[in-house]
Amino acid sequence: MSNAISTKTGAKAWSSSPGLATASRIVAAIFAGYGLAYASTMFLTVYLPLVRSDRVVFASLASFIVYLAAIVYTFAARSASRAWLVLVGLSVVLAVAALVAGDFGARR
Amino acid sequence: MSSAESTVKTKSLRQAMAGLHTWGGLLPSWLLFVILFGGSIACFDKELEVWMRPALHPVGETTLSLDQVSAWVQKQAPKPPHAIWMRPPDERQPYWYAGYEPQNELEPFVSFTLDPQTGEVLPKTLGGNFWFTLHYNLFGGMLGMYIVAIAGMFMLVALVSGIIIHRRIFKDFFTLRPDANGQRAWLDAHNLFGVVGLPFHLLIAYTGLAIFVTFYMPAGLKVGYKGDIEKMFYEVQGQFGREELKRKTDHAASIDKLVLDAKRRWAASGEGGTETGWISVHHPGDKAAVVDIRRYDRSRVVDFQWIMSYDATTGAFLHEQKPYKPGYTAYAWLTNVHMAQFGGAIVRWLYLGLGLMGCAMVVGGLQVWLRKREAKGGWGIGFVRAMNGAVIGGLPIASLGLLYGNRLIPPNVALRDHWEAYTFIAVWIAVALWAVARRNSGRVGRDLFAVAAVWALGLPALDVLTGQPGALSAAIARGDWRVPGIDLAVFAAGLLCAKMAWWPRVATPAPEKARSKKRERRELVEEGV
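As annotated in an unreviewed UniProt entry, chain B is PepSY domain-containing protein from Pseudomonas turukhanskensis.

Looking at an unreviewed UniProt entry, chain A carries the name DUF3649 domain-containing protein, with the source organism given as Pseudomonas turukhanskensis.

## Description of the sheet that holds strand E6 (residues 308-311) of chain B
All names here are of chain B. Read from one edge to the other, the open sheet built from 7 strands follows the order E3-E2-E1-E4-E5-E6-E7, with strand pairing classed as antiparallel. A strand with exactly one partner marks an edge of an open sheet, and here the two such strands are strand E3 (110-114) and strand E7 (317-320). Strand-to-strand twist of the sheet, defined as the mean angle between neighbouring strand axes without regard to direction, takes the value 15°. Relative to strand E5 (residues 290-295), strand E4 (residues 276-282) is paired through 5 bridges, and the arrangement is antiparallel. Opposite Ser280, over in E5, you have Asp292 as the bridge partner. On the sheet, helix H4 (residues 66-76) packs against strand E1 (83-87), strand E2 (96-101), E3 and E4 and is oriented at approximately 40° with respect to E2. Strand contacts of helix H13 (residues 255-267): E1, E4, E5, E6 and E7, with the helix running at about 45° to E5, the strand carrying the most contacts.

## Let's talk about the pairing of E1 of chain B
Residues and elements named next belong to chain B. Within E1, 5 of the 5 residues are buried, which leaves the element mostly enclosed by the surrounding structure. Pairing analysis gives 5 bridges linking E1 to E2, with the strands arranged antiparallel. Paired with Ala83 across the two strands is Glu101, which belongs to E2. One ladder, built from 4 bridges, connects E1 with E4; its direction is antiparallel. Among the inter-strand pairings, Trp85 is bridged to a residue of E4, identified as Ser280.

## What to know about the interface of chain B and chain A
Taken residue by residue, the interface counts 41 residues in chain B and 33 residues in chain A. In this assembly, chain B packs against chain A so that about 3200 Å² is buried in total across both faces, 76% of it on carbon and sulfur atoms. Per-residue buried area on chain B facing chain A is highest for Met153, Met217 and Val223 of chain B; these three make up 19% of the total on that side. Where chain B meets chain A, there are 1 salt bridge. Glu235 of chain B is the partner of Arg52 of chain A in a salt bridge, and the nearest nitrogen-oxygen pair spans 2.9 Å. Applying the counting rule to chain B against chain A returns 6 residue pairs in polar contact (both at pLDDT 80 or more). In terms of residues, the side of chain B that touches chain A owes the most to one element, helix H1 (residues 3-26) of chain B, which gives 10 residues. Partitioned by chemical class, the residues of the side of chain B that touches chain A number 28 nonpolar, 6 polar and 7 charged.

## Quick word on the packing of helix H18 (residues 444-466) of chain B against helix H20 (residues 482-502) of chain B
Residue and element names in this part refer to chain B. Between H18 and H20, whose axes approach to 7 Å, the crossing angle comes to 155°. For the element pair H18 / H20, the angle class is roughly antiparallel. As for the relative orientation of H18 and H20, their crossing is left-handed in sense. Contacts between H18 and H20 pair Arg446, Phe449, Ala450, Ala452, Ala453, Val454, Ala456, Leu457, Leu459, Pro460 and Asp463 from the former with Val483, Asp487, Val490, Phe491, Gly494, Leu495, Cys497, Ala498, Met500, Ala501 and Trp502 from the latter.

## What to know about the UniProt feature "transmembrane region" (unreviewed entry) in chain A
All names here are of chain A. UniProt's entry tags residues 26-50, 57-77 and 83-106 with the feature "transmembrane region" (unreviewed entry), counted in the numbering of this structure. Strand forms 0% of residues 26-50 and helix 88%; the C-alpha atoms that close the span are 35 Å apart. Along residues 57-77 one finds 95% helix and 0% strand; the C-alpha atoms at either end are 30 Å apart.

## So, the packing of aromatic side chains
For the structure shown, the criterion picks out 29 aromatic pairs over all chains. Relative to Phe37 of chain B, the ring of Phe33 of chain B has its centre 5.8 Å away and its plane inclined at 15°; by these criteria the two rings are stacked. Remark: Phe37 of chain B and Phe33 of chain B occur in helix H2 (residues 29-42); sequence separation between them is 4 residues, near one turn of the helix. By relative accessible area, which is 11% here, Phe37 of chain B ends up buried. Ring centres of Phe130 of chain B and Trp131 of chain B lie 5.4 Å apart, and the angle between their planes is 90°; on these two criteria the pair is classed as edge-to-face. In terms of burial, Phe130 of chain B and Trp131 of chain B fall into one category: buried. A connected cluster of aromatic rings, assembled from ring pairs, spans Phe132, Tyr136, Tyr146, Phe212, Phe215 and Tyr216 of chain B. Here the guanidinium or amino end of Arg52 of chain A rests over the ring plane of Tyr225 of chain B, the centre of that ring lying 3.9 Å away. A cation over a ring is seen here: Arg265 of chain B above Phe317 of chain B, with NZ or CZ 3.5 Å from the ring centre.

## A closer look at the nonpolar core
Residue and element names in this part refer to chain B. Within the largest apolar cluster, 123 residues are counted, with the highest numbers of intra-cluster contacts made by Phe33, Trp51, Trp131, Met153, Tyr351 and Leu395. Among the elements that take part in this core, helix H16 (residues 381-408) stands out by supplying 12 residues, more than any other. The residue makeup of this core includes at least three contributed by each of domain 1 (3-53 + 131-212 + 340-502) and domain 2 (61-122 + 239-323). If sequence neighbours within four positions are ignored, Trp51 has contacts with His57, Leu403, Asn406, Arg407, Leu459, Leu462, Asp463, Val483, Ile486 and Asp487.

## Quick notes on a negative patch on the surface
Among the surface-exposed residues, Glu105, Asp228, Glu230 and Glu243 of chain B lie close enough to one another that they form a single negatively charged patch. If you trace the backbone, Asp228 of chain B turns up in the loop between helix H11 (219-225) and helix H12 (229-237).

## Points about the UniProt feature "transmembrane region" (unreviewed entry) in chain B
Residues and elements named next belong to chain B. Under the feature "transmembrane region" (unreviewed entry), the UniProt entry names residues 20-42, 143-165, 192-217, 349-370, 382-404 and 419-436. Annotation note: span residues 143-165, helix share 100%, strand share 0%, distance between end C-alpha atoms 33 Å. Its end C-alpha atoms 25 Å apart, residues 419-436 is made of 100% helix and 0% strand.

## A few points about the side chain of Ser40 of chain B
Residues and elements named next belong to chain B. By secondary structure assignment, the location of Ser40 is in helix H2. Using a relative accessible area of 2% as the deciding quantity, one classes Ser40 as buried. Beyond its immediate stretch of four places on either side in the chain, Ser40 contacts Leu352, Gly355, Leu356 and Cys359.

Definitions and cut-offs
- Residues numbered from 1 in each chain as written.
- Chains lettered and ligands numbered in written order.
- Predicted model: local features only at pLDDT ≥ 70, side-chain atom pairs only at ≥ 80, totals over all residues.
- Heavy atoms only, no water.
- Pairing = 2+ DSSP bridges.
- Helix = DSSP H or I, 4+ residues; strand = E, 2+ residues; numbered from the N terminus.
- Axes fitted to C-alpha atoms, helices over the stretch in contact; angles between N-to-C directions.
- Contact = heavy atoms within 4.5 Å.
- Buried < 20%, exposed > 50% of the residue type's maximum accessible area, 1.4 Å probe, protein only.
- Buried area = accessible area lost by both parts, 1.4 Å probe.
- Salt bridge = Lys/Arg side-chain N within 4 Å of Asp/Glu carboxyl O.
- Polar contact = N/O pair within 3.5 Å; in protein donor to acceptor, adjacent residues only side chain to side chain.
- Nonpolar A, V, L, I, M, F, W, Y, C, P; charged D, E, K, R; others polar.
- Parallel < 35°, antiparallel > 145°, perpendicular 65-115°, else oblique.
- Left-handed = near helix turned anticlockwise from the far one by under 90°.
- UniProt positions renumbered as here; feature names shortened; annotations may be inferred.
- Phe/Tyr/Trp six-rings, centres within 6.5 Å; stacked < 30°, edge-to-face > 60°.
- Lys NZ or Arg CZ within 6 Å of the ring centre and 35° of its normal.
- Core = buried A, V, L, I, M, F, W, Y, C linked by side-chain atoms within 4.5 Å.
- Domains from an automatic or database assignment.
- Patch = residues over 30% accessible without salt bridge, like charges linked within 9 Å, V, L, I, M, F, W, Y side chains within 5 Å.
- Areas by Shrake-Rupley, 256 points an atom, 1.4 Å probe, with all protein chains shown as cover.
- Lys, Arg positive; Asp, Glu negative; His and termini not counted.
- Charge placed at Lys NZ, Arg CZ, Asp CG, Glu CD.

Okay, here's the thing in C-alpha cells:
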C-alpha cells in the first residue's frame, strides 16, 4: 500500500536524511508549538464555561500540556511540512475563534 | 491497516521519539542537573540558613515586639518605603526576617535578619536561599527564569518521549543489571530512577512551569484582563488594598494588638491554627496605611493566608480575605505542591529524595549517551565528558565549598555574603578546569568523588570547630536536629562518595544469555537512544 511505503520512507527520512527536515521540525516544535499553545490559551480563555478568572487560570495552566503535545506531535508527524500545516492551521482557527468573540464584545 | 504496517508505524514513532529523547535530553541535561540539584537542596533551605548562622546556636525566645521591629525597619529606609514586611521567628526560621519595599518598584527589596533576642542584625550570609535562587532563576533575574522554564519544558518533552520509547515500564521497574556491560547497566539505572520517580518528575516539571505561568503564557491574561495583572490578582485572591493619601500621620495602632485580634478571628474557624506568617504595612506613616496579617497554615497544601487587614492608624478592622476562586485554588495547589512548604520534615525528606532521584536520572542518561558512543567513537564525547565533570561534579563540590566559606570567613568582614559567593564560584571554576583538562583520563569521576568525600566527611568537624563551643552537643541533647541533621546528612553523603572514590564496583561483564528475537528488537530501539 502506498501509505505503508510513505511511512517507511518517513522513518527512513528521520534516520538518514540531511538535517534540513529535522531542523524544520525543531523550529516548528519550538515556535509553531508555542504559537498553538498561545492560541489555545486565547481560545479557552474565551470559551471555557466558567467565570472569567477561572477561564484565565485553567486556560493558562493547560497551555503547557498543549505545548508539550505539539512538540511530541511535531516529531511524530509523517513529515515536517505536515507538522507545520497542522500546527499553524490549528493555531489560526483557535486564534480567530477567540478574536471573533472579542469583536462581538462577548465574554469580556 | 495490516499488523505489519502498524508495526512499521509504531517503530517509526519510537525511533522519532528516540531521536527526540536523545538530543532533547542531552542538550538541557547539565542545566537540568543544576536546577534539580538546587531545588533538592532548597527543600532544607531554612535548616541550611540556620546552619549558616552560627550566632543562632542556640536560639532563645524572641524578646522583640512587632511594633519595635516595624519602627526599626522604617528607620532603615532612606525614603518612606512603599511597604514594610516582617516575619516573626517560628520553628523553622528562629530569627526575625524583616525588610522594606522601596517606593520605586524597580529597586529591590531590602531585607535584614535580626537576632530574636537582641534585635541585632546578624552577619550577612547567602544562606539557604542561595540554592532556592539558583533553582528558580540561576541568579539571572527575569532572563534566568525564562531559561529555567525552557529547561523545564525540555524535561517534560524528555519524560514523555522517554515513556513512549519505553514499552516495558513495569518490568523494568525490577530490572537492574549492574554487572552487565556499562551501557546496559547505566540504561537500567536511568530507567529505574526515571520510572520510580516518574510521577514526581512529571509533577515537579509541570508545577514548576505553572508557578510563573503569567510570565510564560500571558495569552489568558491579555485576552481575559487586557493584560491588567493587578486586576486579575485582586479578583482571584480577594485581597484588600488602597491608595496612599499622601497625608502624614504620627499615630500608629499597635501591630501586636492587631495580631491578637487576627488570631481571635482565625481561631473562630477552628481549623488551620493561628500561626502568623508575613505581616506587612503598606504606605507606612500615611493616613491610608494598611496592616495585613497573614496566617501560616502548614496543615494543608493550598496556602490560603486568610489575610486580615486593618487601618494602621486607628487599628480599625477593614477587611477579611475572601476565599480563593476555584481556578486560583487549583493554581495555588499546584504551586504549593511544588514548593513543599506544607507538612513537616517527612515531606521535605521525600522531596529531597525524589529530587536527587531526578539528578540520578539525568546522570544515568548522560552515561548511557557516553557509553554508547565511547564504544564506537563519535562526535562530542570529549565535550560531554568535560561537562559532566564540570557540572555534575562541580556544583555539589562548590556547594560544600560555600558551606566551608560560610564558616571560615570571619563574621565582621564587609560584604561577607559576596565573599561566600566568590568562594562558591572559585571552587566551581577550579573543579571545572580540572574536569576539562582531564576529561579523557577516565579518572575525573573518582577524583571528584574523593574531593567531595573529604569535604563532606569533614563538615561535622568544621561545624564543631567554627561553631559556638558546645552548641552541637547541646542541640542534640535538646533534640533539636536542625543543625546536627545537616552535619549528619552531609556526612552520610560523604561516606557514599568515599565508597565511589575508593571502592567502586568493578564491572565484570556477565555472560550473555540467549535472548529471543523480540527482546533483541526492543533493545535495538531503546539502546539505540
